[in-house]
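Observations on the three-dimensional arrangement
One-letter residues, chain by chain:
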Amino acid sequence: TTKPRLFSGMQPSADSLQIGNYIGALLQWKQMQVSHDAIFCVVDLHAITVAQDPRELREATRRTAAQYIAAGIDPELSTLFVQSHVPAHPQLAWVLNTLTGYGEAARMTQFKDKSARQGTDATTLGLFAYPTLMAADILLYGAQTVPVGEDQRQHVELTRDLATRFNSRFGETFVIPEAQIQKATAKVYDLQEPTNKMSKSASTDKGVIWLLDEPAKSAKKIKSATTDSDGEVRFDVASKPGVSNLLTIYSVLSGRTVASIETEYAGRGYGDFKTGLSEVVVETFAPIRARTLELLDDPAELDRILARGADKAAAIADATLATVYDRVGF
Ligand code: ADP
Ligand code: NA
């Protein structure tokens, strides 16, 4: 294949993905898998950088993979696998750890934020080394393009630095990857606190629409979404963050422009607007939910898909690792 190689992944950190993961990541992945040689990973090794329940992690990993497929990732067209199934990831990460400065790693803002929240005693070496494992994920596959959110930009920068450093010390080995930062228009905010990003790890459920929410439940959450008192369906992030967020979701899922939605609801209340949005949300996610449940109902088939994905991924990753091991003197 001559298509550019793409790598991306998500953590299996909850029972379900949320619609921000769909709008900000899966929807792009689905489109890009056609123009790219795409590799999509469920990054379960990354997930244990915070304490996990083993049974829940195993379940979340399968559910995440099922949701990738249900949302349109085609395991025939793309390589879809689970990170822990390919041992080359932590093996390359170890080599990269030895090329990473302590200060360089300590400057990562995500580490600084997370470790500050957890406190020194609860913060693990695993969390500290998260970025070098992510660098290994990308470099093993010679990925040119790495679609990520803004919060991962610094980690891709580090990946580029490490690849360049390895190449100059041991000879041309790694492709230098490029981050493809998600568009601001693809960012979804919490329905209750519309200045916070919608997240799997949100502290309350009310502001998050899960991909696997039953339709009535999503409708209820949309109905109680925070808006404002001026009653006008108008996009204005600074003074109307709640309504603007609902407009973004409506626009992305319906494929319509924000302007045409504003026009449709001009002079009507938020009630009508929210009802319209609920219909669009249900229309998009009801089939994804149904397909996910169907996949989870046939564990043997999902296992086969993931085993095939791991074989395809390992064939590429093992070749890269063999070269790296040879160059470093193993
Ligand atoms: P979460 O906060 O839900 O755990 P992650 O930080 O693991 O999500 O991100 C997984 C992917 O989903 C990334 O590509 C990220 O940019 C995207 N993503 C997560 N939340 C949102 C959001 N609210 N809006 C848009 N994209 C999002
Ligand atoms: Na997260």
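The structure this text deals with has already been given above.
The text that follows walks through the structure, step by step, so that each part is easy to find. The numbering scheme is per chain: residues are counted from 1 as the chain's sequence reads. All chains are assigned letters beginning with A, and all ligands numbers beginning with 1, in the order in which they are written. For this predicted model, a pLDDT threshold of at least 70 governs which residues receive local features, and a threshold of 80 or more governs which side-chain atom pairs are given and counted, while totals over whole chains, interfaces and linings are taken from all residues. Note that water and hydrogens are dropped before the side-chain values are worked out from all heavy atoms of the structure.

Let's talk about the overall build of the protein chain
Test applied: Going along the chain from the N terminus, every DSSP run of H or I of four or more residues is numbered as a helix, and every run of E of two or more is numbered as a strand. This radius of gyration counts C-alpha atoms alone. The globule rule is 2.2 Å times how many residues there are, raised to the power 0.38. Only protein chains enter the accessibility calculation, which uses a 1.4 Å probe. A residue is then buried if its area is under 20% of the maximum for its type, exposed if over 50%, and partly exposed in between. Here, residues are in contact when the closest pair of their heavy atoms is within 4.5 Å. The sign given to each residue is positive for Lys and Arg and negative for Asp and Glu; His and the chain ends receive no count. All charge positions are set by atom: Lys at NZ, Arg at CZ, Asp at CG, Glu at CD.
A tally of regular secondary structure across the protein chain gives 14 helices and five strands. For the protein chain, the C-alpha radius of gyration of 21 Å lies close to 20 Å, the compact-globule estimate for 330 residues. Its C-alpha atoms put the protein chain at 70 × 45 × 40 Å along the principal axes. Buried positions account for 49% of the 330 residues belonging to the protein chain. Taking as baseline every contact in the protein chain between residues at least 6 positions apart, the subset at least 24 positions apart corresponds to 74%. In the protein chain, 35 positive and 40 negative side-chain charges are present, and the distance between their average locations comes to 1 Å.

Brief notes about the packing of aromatic side chains
The condition is simple: Side-chain rings of Phe, Tyr and Trp (the six-membered ring for Trp) are treated as a pair once their centres are within 6.5 Å; stacked means planes under 30 degrees apart, edge-to-face means over 60, and tilted covers the remaining angles. In this scheme, the term charge over a ring applies when either NZ of a lysine or CZ of an arginine sits within 6 Å of the ring centre and within 35 degrees of the ring normal.
Counted under the stated rule, the structure contains 13 aromatic pairs. Relative to Phe128, the ring of Tyr102 lies with its centre 5.4 Å away and its plane at 45°, an arrangement referred to as tilted. Taken together, the positions of Tyr102 in helix α5 (residues 102–106) and Phe128 in helix α7 (residues 125–128) put the pair 26 residues apart, joining distant regions of the chain. Members of the aromatic cluster, joined through ring pairs, are Phe7, Phe81 and Tyr141. Directly above the ring of Tyr130 sits Lys114, whose terminal nitrogen or CZ lies 5.4 Å from the centroid.

Notes on the pattern of salt bridges
Oppositely charged side chains can pair when the atoms bearing their charge come close. Quick reminder of the rule: Basic side-chain nitrogens of Lys or Arg form a salt bridge, by our definition, when they fall within 4 Å of a carboxyl oxygen of Asp or Glu.
Taken as a whole, this structure holds 18 salt bridges when the rule is applied. For the salt bridge of Arg308 with Glu76, the shortest nitrogen-to-oxygen distance reads 2.9 Å. Pair noted here: Arg308 is in helix α14 (residues 299–328) and Glu76 is in the loop between α3 (54–70) and β3 (79–82), with a separation of 232 residues, a long-range link.

Quick notes on the nonpolar core
Stated precisely, the cut-off is as follows: Definition used in this section: a nonpolar core is a set of buried Ala, Val, Leu, Ile, Met, Phe, Trp, Tyr and Cys residues joined via side-chain atoms within 4.5 Å.
Core analysis: the largest hydrophobic core is formed by 54 residues, its most contacted members being Tyr22, Leu26, Tyr68, Ile249 and Phe273. Counting residues per element, the ones that place at least two in this core are β1 (5–10), α1 (19–35), β2 (37–42), α3, β3, α11 (241–254), α13 (270–296) and α14. Discounting residues that sit within four places of it in the chain, Tyr68 has contacts with Gly9, Met10, Leu17, Leu26, Trp29, Phe40, Cys41, Val42, Ile73 and Leu80. If you look at the next biggest cluster of nonpolar residues, it comprises 41 residues, including Phe7, Ala135, Ala143 and Phe174.

Considerations on the site of ligand 1
Definition in use: Whether a residue is near a molecule or strand depends on its heavy atoms: it is near if one of them lies within 4 Å of it. Identification of polar contacts relies on pairs of N or O atoms within 3.5 Å, with a donor-acceptor requirement for protein atoms, meaning one able to donate a hydrogen and the other able to accept it, and with residues adjacent in sequence counted only if both atoms are side-chain atoms. Only the protein chains shown count as covering a residue, and every accessible area follows the Shrake-Rupley method with a 1.4 Å probe. The residue classification treats Ala, Val, Leu, Ile, Met, Phe, Trp, Tyr, Cys and Pro as nonpolar and Asp, Glu, Lys and Arg as charged. All others, Gly included, are polar.
Inspection of the region around ligand 1 gives 15 residues, with Gln18, Val188, Lys197, Ser199 and Lys200 positioned closest. A distance of 2.6 Å separates a nitrogen atom of ligand 1 from a polar atom in the backbone of Val188. The fraction of the free accessible surface of ligand 1 (530 Å²) that becomes covered by protein chains is 86%. Counting residues per element, the shell around ligand 1 draws most heavily on α1, at four residues. Within the shell around ligand 1, the residues separate by chemical class into five nonpolar, seven polar and three charged.

Here we look at the pairing of strand β5 (residues 178–181)
Inclusion rule: We call two strands paired when DSSP finds no fewer than two bridges between them.
The sheet contact formed by strand β4 (residues 145–148) and β5 spans four bridges and is parallel. Bridging across to β5, Pro147 finds its partner in Gln180.

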